[in-house]
Amino acid sequence: MKATLAETSADTPDIPPNIAGTYAKKVEKLAEALNRDEAAETIRGLIERATLTPGAKRSEVDVTL
């Protein structure tokens, strides 16, 4: 085991084998929560104003909340 660790680069991140599945589940859970009326109302209550301005490139829009 020490030989394997010594051969591994120090900047190699430790990534769980099922990270994609875990991420997908969290995004799905978030989407479900945001689809509920209560969540939408809460978010609306946090936003006083939305300002849209043209972006640097054609068809880009910058949004400031």
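In every chain, residue numbers begin from 1 and rise along the written sequence. Reporting of local features is limited, given that this is a predicted model, to residues whose pLDDT is at least 70; pairs of side-chain atoms are given and counted only at 80 or more, and all residues count toward the totals for whole chains, interfaces and linings. Each side-chain value is derived from all of the structure's non-hydrogen atoms; neither hydrogens nor water enter the calculation.

A.B. asks: Can you help me understand the overall build of the protein in this one?
C.D. replies: Strands are runs of DSSP state E lasting at least two residues, helices are runs of H or I lasting at least four, and both sets are numbered from the N terminus onward. Of the regular secondary structure elements, the protein holds three helices and two strands. Mapped from its N terminus to its C terminus, the protein presents α and β elements in the order α-α-α-β-β. Relative accessibility under 20% of the residue-type maximum defines a buried residue, over 50% an exposed one, and the middle range a partly exposed one, all with a 1.4 Å probe and only protein chains included. Considering the protein as a whole, with its 65 residues, one finds that 5% of them fall into the buried category.

A.B. asks: Where do I start with the packing of helix H2 (residues 19-35) against helix H3 (residues 37-46) in this structure?
C.D. replies: Geometrically, a packed helix pair is captured by the angle between its two axes and the distance between the axes. In the contact formed by H2 and H3, the axes pass within 5 Å of each other and the chain directions differ by 80°. Considering their axes alone, H2 and H3 lie roughly perpendicular with respect to each other. When H2 is examined against H3, the residues Ala 33, Leu 34 and Asn 35 are found in contact with a partner set consisting of Asp 37, Ala 39, Ala 40 and Ile 43. Within the contact of H2 with H3, the residues separate by chemical class into five nonpolar, one polar and one charged. Only the stretch in contact is used when fitting a helix axis, every axis being a line fitted to C-alpha atoms; angles between N-to-C directions are given from 0 to 180 degrees. For classification purposes, angles smaller than 35 degrees are called roughly parallel, those larger than 145 roughly antiparallel, those between 65 and 115 roughly perpendicular, and all remaining angles oblique. Contacts are assigned to residue pairs with any non-hydrogen atoms lying within 4.5 Å of each other. In this classification, the charged set is Asp, Glu, Lys and Arg, the nonpolar set is Ala, Val, Leu, Ile, Met, Phe, Trp, Tyr, Cys and Pro, and all remaining amino acids, among them Gly, are polar.

A.B. asks: Sorry if this is basic, but what is going on with a nonpolar patch on the surface here?
C.D. replies: Like-charged residues are merged into a patch within 9 Å and nonpolar side chains (Val, Leu, Ile, Met, Phe, Trp, Tyr) within 5 Å, provided each residue has over 30% relative accessible area and no salt bridge. Using a 1.4 Å probe, accessible areas were evaluated by the Shrake-Rupley method; residue-level cover was limited to the displayed protein chains. One speaks of a salt bridge when a side-chain nitrogen belonging to Lys or Arg is within 4 Å of a carboxyl oxygen belonging to Asp or Glu. Together, Leu 30, Leu 34, Ile 43, Leu 46, Ile 47, Leu 52, Val 61, Val 63 and Leu 65 make up an exposed nonpolar region whose accessible area comes to about 880 Å². Put simply, the parts of the chain that give the nonpolar patch at least two residues each are H2, H3 and strand E2 (61-64). Relative to the assigned elements, Leu 30 resides in helix H2.

A.B. asks: Would you take a moment to explain the pairing of E2 for this structure?
C.D. replies: On any regular strand, side chains alternate: one points to one face of the sheet, the next to the other face. Strand pairing is assigned whenever DSSP detects at least two bridges linking the two strands. Bridge count between strand E1 (residues 51-54) and E2: four bridges; the pairing is antiparallel. The residue bridging Thr 51 from the neighbouring strand is Thr 64, located in E2.

A.B. asks: Help me understand the confidence of the model for the protein, please; the structure alone is not making it clear to me.
C.D. replies: Fine structural detail should not be taken from predicted coordinates in areas where pLDDT scores are low. On average, residues of the protein score 82 in pLDDT, and 85% of them are at 70 or above. pLDDT: the predictor's confidence for each residue, scored from 0 to 100. Highest mean pLDDT in the protein belongs to E1 (94); lowest belongs to helix H1 (residues 2-7) (64).

A.B. asks: Teacher, can you tell me more about unusual backbone geometry here?
C.D. replies: As a rule of thumb, non-glycine residues mostly have phi less than zero, and peptide bonds are mostly trans rather than cis. Of note in this structure, Ser 59 is not a glycine but carries a positive phi near 75°. When you line up the elements, Ser 59 lands in the loop between E1 and E2. We classify Ser 59 as exposed; its relative accessible area is 74%.

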